[in-house]
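Take a look at the letters that make up each chain.
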Amino acid sequence: MLRHTGTKRSFRHNLRLAIFLSLSAGFVNAAGLMAFAVLTTNITGHAATFAADFSLNDMRAVKMAGLCLLLFLAGTFFSGFYTRAM
């Protein structure tokens, strides 16, 4: 699956990669939560923290997690824009 690049990689290959990436991120989140009581991965951890804090009605923590997600999205947008312009 990882050997396929360019036109050799189909939608099915991309879908499998996305599923495995999401699955591994979920495993890392669950293991970190059980071992350290912290959501350890970067963006998936922030999204899960956002949802958990929102359900607990902790608006200060929701704002911080939301800010982290917003800054991540802004960074990916600007880096994508910058690399396309070069």
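Before reading on, note that the structure itself is shown above.
Everything quoted here is computed from the prediction, not taken from an experiment.

Parameters and conventions
Residues numbered from 1 in each chain as written. Predicted model: local features only at pLDDT ≥ 70, side-chain atom pairs only at ≥ 80, totals over all residues. Heavy atoms only, no water. Helix = DSSP H or I, 4+ residues; strand = E, 2+ residues; numbered from the N terminus. Buried < 20%, exposed > 50% of the residue type's maximum accessible area, 1.4 Å probe, protein only. Patch = residues over 30% accessible without salt bridge, like charges linked within 9 Å, V, L, I, M, F, W, Y side chains within 5 Å. Areas by Shrake-Rupley, 256 points an atom, 1.4 Å probe, with all protein chains shown as cover. Salt bridge = Lys/Arg side-chain N within 4 Å of Asp/Glu carboxyl O.

1. A closer look at unusual backbone geometry
Among all residues except glycine, the phi angle is most often negative; among peptide bonds, the trans geometry is most common.
Part 1 of the reasoning: Of note, the phi angle at N57 is positive, near 60°, even though the residue is not glycine.
Part 2 of the reasoning: Within the secondary structure layout, N57 lies in the loop between helix 2 (43-55) and helix 3 (59-85).
Part 3 of the reasoning: When its relative accessible area of 58% is taken as the criterion, N57 is described as exposed.

2. Focus on a nonpolar patch on the surface
Part 1 of the reasoning: Taken together, the side chains of F11, L15, I19, F20, L23 and F27 present a nonpolar region at the surface, about 660 Å² in accessible area.
Part 2 of the reasoning: Checked against the element boundaries, I19 lands in helix 1 (residues 11-36).

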